[in-house]
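# Structural overview for review
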Amino acid sequence: MLLIHCPYCDETLPEVEFTYAGEAHVMRPEDPSAATDEDWHAFLFLRDNIKGVHFERWRHVHGCGRFFNAARNTITDRFLTTYRAGAPRPDPGTLTEGGE
Amino acid sequence: MTAHADIPPPGTLIRTAAARIGITAAPGRLSLRARDGLGALGTALGIDLPGRIGGRAGRDAIEAMCLGPDEWVLLSPPEEVAALLAAGAAVYAAHPHSLVDISGRETTIAIDGPRAAELLTLGLARDPAGIAPGDGRRTYFDGQTVILWRDGETRFRMDVWHSFAPHLLGLLDTGCRELAAEAP
Ligand SMILES: [Zn+2]
């Protein structure tokens, strides 16, 4: 089982308390009525399926209830960091496996 | 309070050398969500709302636990629920929040005895040692979201939604007997 650090609870907890919630930093169009069908298509359906460091959302659903973001290496399945929703995406070059 | 066909009335259900399992008298329960004006809201409710997740505070027979960054649960004597709701409503215009009576939702299971913490490992994914006496957490127990109150080293309460209570009571009953049946 993975251990995941919740940045709101500030505790490292078993994976079963969390749910995965897809790729992070997918921005809804700021002016929805100006977005084209292609924009909506990309927003709703297109994801990167990264091999390596993937920025993704998780939710501490059986705990504080909060969504947050994580960087996880999809090859090793190790978390590099987790951070609060709304915080900027960290530079992957600064992240190391096992770091919090 | 509503009686539920599959949930026994308050009282002790099983007591072994390991632990005792019981159901508490049904308290009043309130769910509070608020982002700002916590000081004023706390003053209105008469509770210094804890800001740390898992932290608890209270007055008289009223208890509050912080469940998330903007979420608390309050337990009170059932007859005080209306007064708490009114206290919240009185400051609502200045400090918008959500304060909802959820008294009909959950059963509280009391778990205490020398091996109570060990008994909880039957369904708790996290280490009970991570929850200090006097604290609590919303967490996960054998497939359900529960609110766990650690009242002492060997005393716990677990709030579970009614529909999960028969299953969890059965599991805890089995665990109580198993631990007590172990060779010394
Ligand atoms: Zn959390």
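Residues numbered from 1 in each chain as written. Chains lettered and ligands numbered in written order. Predicted model: local features only at pLDDT ≥ 70, side-chain atom pairs only at ≥ 80, totals over all residues. Heavy atoms only, no water.

### Remarks on the pairing of strand E1 (residues 11-15) of chain B
Look at any regular strand and the pattern is simple: side chains alternate between the two faces of the sheet. Residues and elements named next belong to chain B. Sheet topology places E1 next to strand E2 (residues 20-23); four bridges connect them, and they run antiparallel. Within the sheet, the bridge partner assigned to threonine 12 lies in E2 and is glycine 22. Hairpin geometry of E1 and E2 is characterised by an intervening segment of four residues between the two adjacent antiparallel strands. (Pairing = 2+ DSSP bridges. Helix = DSSP H or I, 4+ residues; strand = E, 2+ residues; numbered from the N terminus.)

### Here we look at the sheet that holds strand E4 (residues 56-59) of chain B
Residue and element names in this part refer to chain B. If you trace the five strands from one edge of the open sheet to the other, you get E4-E5-E6-E3-E7, paired in antiparallel fashion. For this open sheet the edge positions go to E4 and strand E7 (98-101), each flanked by a neighbour on one side alone. Sheet twist, expressed as the mean angle between neighbouring strand axes with direction ignored, is 20°. One ladder, built from five bridges, connects strand E5 (residues 62-68) with strand E6 (residues 71-76); its direction is antiparallel. Its bridge partner being in E6, glycine 68 is matched across the sheet by glutamate 71. Of the strands in this sheet, strand E3 (28-33), E4, E5, E6 and E7 are in contact with helix H2 (residues 81-90), which crosses E7 at around 165°. (Axes fitted to C-alpha atoms, helices over the stretch in contact; angles between N-to-C directions. Contact = heavy atoms within 4.5 Å.)

### What to know about the confidence of the model for chain B
In the predicted model, chain B carries a mean pLDDT of 95, and the fraction of residues at 70 or more is 97%. Across the whole predicted complex the pTM is 0.93, and at the interface the ipTM reaches 0.91. (pLDDT = per-residue confidence, 0-100.)

### A closer look at the sheet that holds strand E4 (residues 53-59) of chain A
Residue and element names in this part refer to chain A. As summarised here, the arrangement of the four strands in space is E3-E4-E5-E6, forming an open sheet in which the pairing is antiparallel. Of all strands in the sheet, those with a lone pairing partner are strand E3 (19-23) and strand E6 (78-84), marking the two edges. Across this sheet, the average inter-strand angle for adjacent strands is 35°, counted without regard to direction. Bridge analysis of E3 against E4 gives three bridges, and the strand direction is antiparallel. Bridge pairing in E4 places tyrosine 20 opposite tryptophan 58.

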